[in-house]
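A look at the structure
In case you want the letters, here they are:
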Amino acid sequence: MRPKIIAMYLPQFHRIPENDLWWGEGFTDWVSAKTAKPLFEGHAQPKEPLDDNYYDLSHKEDLEWQINLAREYGIDGFCMYHYWFSSDKILLEKPAEILLENKELGMPFCFAWDNTSWIRTWSKLEGNAWSPNYDKEKEPNYEGVLARLDYGTENDWRKHFDYLLPFFKDSRYIKRDNKPVFIFFTNKDVEVLKRMAFYWEQLAKESGFAGLYLVTRSTPFNKNKLFNGTFQYEPIFSGWQRADIIRAVLKIKKNALVEPRIYSYDKIWNRILKRAISDKSEDAFSGAFVGYDDTPRRGKKGRVVLGATPEKFRRYLNELYKRCKEKNKEFIFLTAWNEWGEGAVLEPDKMNEYEYLIQIRKIKEDN
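For the structure given in this document, a descriptive report is provided here. (Residues numbered from 1 in each chain as written. Predicted model: local features only at pLDDT ≥ 70, side-chain atom pairs only at ≥ 80, totals over all residues. Heavy atoms only, no water.)

**Examining the environment of proline 260**
Stated formally: Here a strand is any run of E in DSSP of at least two residues, a helix any run of H or I of at least four, and the numbering for each starts at the N terminus.
As for its position among the elements, proline 260 is in the loop between helix 7 (242-253) and strand 10 (261-264). C-alpha of proline 260 to C-alpha of lysine 301: the two residues are 41 residues apart in sequence and 5.4 Å apart in space.

**A short note on the nonpolar core**
How we decide: Working definition of a nonpolar core: buried Ala, Val, Leu, Ile, Met, Phe, Trp, Tyr and Cys residues. They are joined through side-chain atoms within 4.5 Å. Buried, partly exposed and exposed residues are distinguished by accessible area as a fraction of the type maximum, computed with a 1.4 Å probe on protein chains only: under 20%, between the cut-offs, and over 50%, respectively. It only takes one pair of heavy atoms within 4.5 Å for two residues to be counted as in contact.
Formed by 111 residues in total, the largest nonpolar core has its most connected members in Trp118, Trp200 and Trp269. Among the elements that line this core, the one with the most residues is helix 6 (residues 190-206), at 8 residues. Ignoring any residue separated from it by four or fewer positions in sequence, one finds tryptophan 200 in contact with Trp113, Trp157, His160, Phe161, Leu164, Phe182, Phe184 and Leu212.

**Comments concerning helix 3 (residues 60-72)**
Where we set the bar: Multiply 1.5 Å by the residue count of a helix minus one, and that product is the helix's expected span.
Between its terminal C-alpha atoms helix 3 stretches 18 Å, which fits the 18 Å expected from 13 residues at 1.5 Å a residue. Buried residues along helix 3 sit against strand 1 (4-9), strand 2 (77-86), helix 4 (94-101), strand 14 (338-339) and helix 11 (355-366). Glycine 74 sits one or two positions beyond helix 3 and adopts a positive phi of about 100°.

**Things to note about the packing of aromatic side chains**
Let me state the cut-off plainly: Here a Phe, Tyr or Trp ring, Trp counted by its six-membered ring, pairs with any other such ring whose centre lies within 6.5 Å, and the pair is stacked when the planes are under 30 degrees apart, edge-to-face when over 60, and tilted otherwise.
In this structure the tally under the stated criterion is 54 aromatic pairs. Ring plane angle 75° and centroid distance 5.0 Å describe the contact between phenylalanine 111 and phenylalanine 167, whose orientation is recorded as edge-to-face. In this pair, phenylalanine 111 is assigned in strand 4 (residues 109-113) and phenylalanine 167 in helix 5 (residues 154-169), connecting sequence segments 56 residues apart. Seen from their ring centres, phenylalanine 168 and phenylalanine 182 are 6.2 Å apart, and the 85° between their planes marks the pair as edge-to-face.

**As for the environment of proline 296**
When you line up the elements, proline 296 lands in helix 9 (residues 295-298). Note on proline 296: relative accessible area 2%, which makes it buried. Residues proline 296 and tryptophan 30 lie 266 residues apart in sequence; the distance between their C-alpha atoms is 9.6 Å. Apart from residues lying up to four places away in sequence, proline 296 is in contact with Ser32, Ala33, Ala36, Gln45, Asn133, Tyr134, Trp340 and Gly341.

**A few points about the pattern of salt bridges**
Inclusion rule: Any Lys or Arg side-chain nitrogen found within 4 Å of a carboxyl oxygen on Asp or Glu counts as a salt bridge.
Inspection of every chain in the model, using the stated rule, returns 29 salt bridges. Between arginine 15 and glutamate 25 there is a salt bridge whose closest N-O contact spans 3.2 Å. Here arginine 15 is found in the loop between strand 1 and helix 1 (17-23), whereas its partner glutamate 25 is found in the loop between helix 1 and helix 2 (29-35), with 10 residues between them in sequence. Ionic pairing is found between aspartate 283 and arginine 176, a salt bridge with its closest N-O pair at 2.8 Å.

**Topic: the side chain of serine 286**
Relative to the elements of secondary structure, serine 286 occurs in strand 11 (residues 284-289). For serine 286, the contacting residues outside a window of four places in its chain are Gln232, Ala276, Leu320, Cys324, Phe331, Ile332 and Phe333.

**A short note on helix 5**
What counts, and what does not: One axis is fitted to the seven residues ending at the residue and one to the seven starting there. The bend at that residue is the angle between these axes.
Taking 1.5 Å of rise per residue, the 16 residues of helix 5 would be expected to cover 22 Å, and the 22 Å separating its terminal C-alpha atoms lies within 8% of that figure. Maximal helix bending in helix 5 amounts to about 30°, located at tyrosine 163; proline proline 166 follows within four positions. Of all the positions in helix 5, only Trp157, His160, Phe161, Tyr163, Leu164, Leu165, Phe167 and Phe168 are classed as buried. Packed against the buried residues of helix 5 are strand 2, strand 3 (89-91), helix 4, strand 4, strand 7 (181-184) and helix 6.

**Some thoughts on unusual backbone geometry**
Trans is the prevailing form of peptide bonds, just as negative phi is the prevailing case for residues other than glycine. Between glutamine 45 and proline 46 the backbone carries a cis peptide bond, its omega angle lying at 0°. As for its placement among the helices and strands, proline 46 is situated in the loop between helix 2 and helix 3. For the bond running from glutamate 234 to proline 235, omega is 5°, close enough to zero to count as cis. As for its position among the elements, proline 235 is in the loop between strand 9 (229-231) and helix 7. A positive phi angle, close to 60°, is found at aspartate 51, a residue other than glycine. By the secondary structure assignment, aspartate 51 is in the loop between helix 2 and helix 3. Non-glycine residue aspartate 177 carries a positive phi angle of around 55°.

**Here we look at a negative patch on the surface**
Basically, it comes down to this: Patch criteria: residues need more than 30% relative accessible area and no salt bridge. Like-charged residues are merged within 9 Å; nonpolar side chains of Val, Leu, Ile, Met, Phe, Trp and Tyr are merged within 5 Å. Using a 1.4 Å probe, the Shrake-Rupley method yields the accessible areas, and only the shown protein chains count as cover for residues. Charge convention: Lys and Arg are scored as positive, Asp and Glu as negative, and His as well as the terminal groups of each chain are ignored. Taken as the charge centre is NZ of Lys, CZ of Arg, CG of Asp or CD of Glu, depending on the residue.
A cluster of acidic residues, Asp51, Glu311, Glu353 and Glu355, forms a negative patch on the protein surface. By secondary structure assignment, the location of glutamate 355 is in helix 11. In this structure glutamate 355 comes out as partly exposed when scored by relative accessible area, which is 31%.

Structure (C-alpha cells):
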C-alpha cells in the first residue's frame, strides 16, 4: 500500500469577531507571522510567504489556490482542524464550509477536532493558549477562558454529528472501509468520549456508513480501545535543553527568559524513524513534520527546531514513506500545510520558495 500524505491544515487565516475581541482587530495568524523577530543569531524570522501571498481563507479563490498547489506536488489530502466548543459555539469553520459547498475543489479531507478550551496564557485552567505574544494582561475576577469546551449531553452530541454529517457524506471526505476518518486531538476525557463515540457510531450506521474510524494522538490513554487508530503528532519535544536549565536558574532568581528552547531537526527525525520501526500495527499511523518555530506566537517561551533543509526533509520523509509502505500504513500525517505561526509550512515562502513541495513530489515519483 502506498501511504497517503495528509497535511495538517490550519483554517485560522480569516477574520472572525472572536479574534478581533480577544487579540486585537483584524487578528489572524498572519499578524503573528508578520511581526515575528529573530531572537538569536541565525534565527530565520520573520517567515514570509512567497510573493507576499497573505491570503484570506474566507475567499474561495484562495482555498482553490491551496488545493491546486497541494495536488500538483503530491499532497493526498488535508486534515482540517475543527473547533467545535459547544452546540452554541463553533469557530473558524468557514474554509471547511467553502470546501463543502464547492464540489469542484477536488481535495480529499478529514477533520481533527481540537477538543479543548481556548484560554488566556495566565489562566490556571487547562486548555490551548493560542497566541501568548498577543494576549491581554490578567483581569480581576476572570478565570481566563475565551471559549470553553462543553461536550454537553446526548442532544448536543446529536447536533454536532448532524453538523458533521454533510461533510462525512461528501465523496471527498477520507474514509476507511466506508467509515469516515475523524481525529480527536485530545483524549483525556475518556468517559464522556466513550459515550459520545458509541452514540456517534450508532448515528453513523443509521446514516449509511459502516461506522466511524476514530483516531487520536498516541498517548497512554489509548489503551481503553476507544479509538480505531492512533497517529503520532510531530514534532514531539523531549529531553532537557539548554534553555530549560536557564529557565530553572532564572526562575529561582525571578528573572526574565532569555531565549527559546532549541531542538535538533536531525534528532527529532531520527526518533520518528525509530518509532516507525517499532509501530507494527496498520492502525498506528506515523507523523512527520516540515520544520518548527512557534516564536511568532510565543516569543522567548517558544520552541525552535534548527537544522531543517529541503534536502534533509526529503531524505527523512522518503525513509519514513518506505517504512510505512512496507507495513501497509495508509496515512502519514504531516505537520503542516500552513502553520505560519509555528514555522511548519509547506506553502512556498521567500526563503525556500517551492523546494519543500518539490521534495514531496520527488518522493511520490520515486516510490
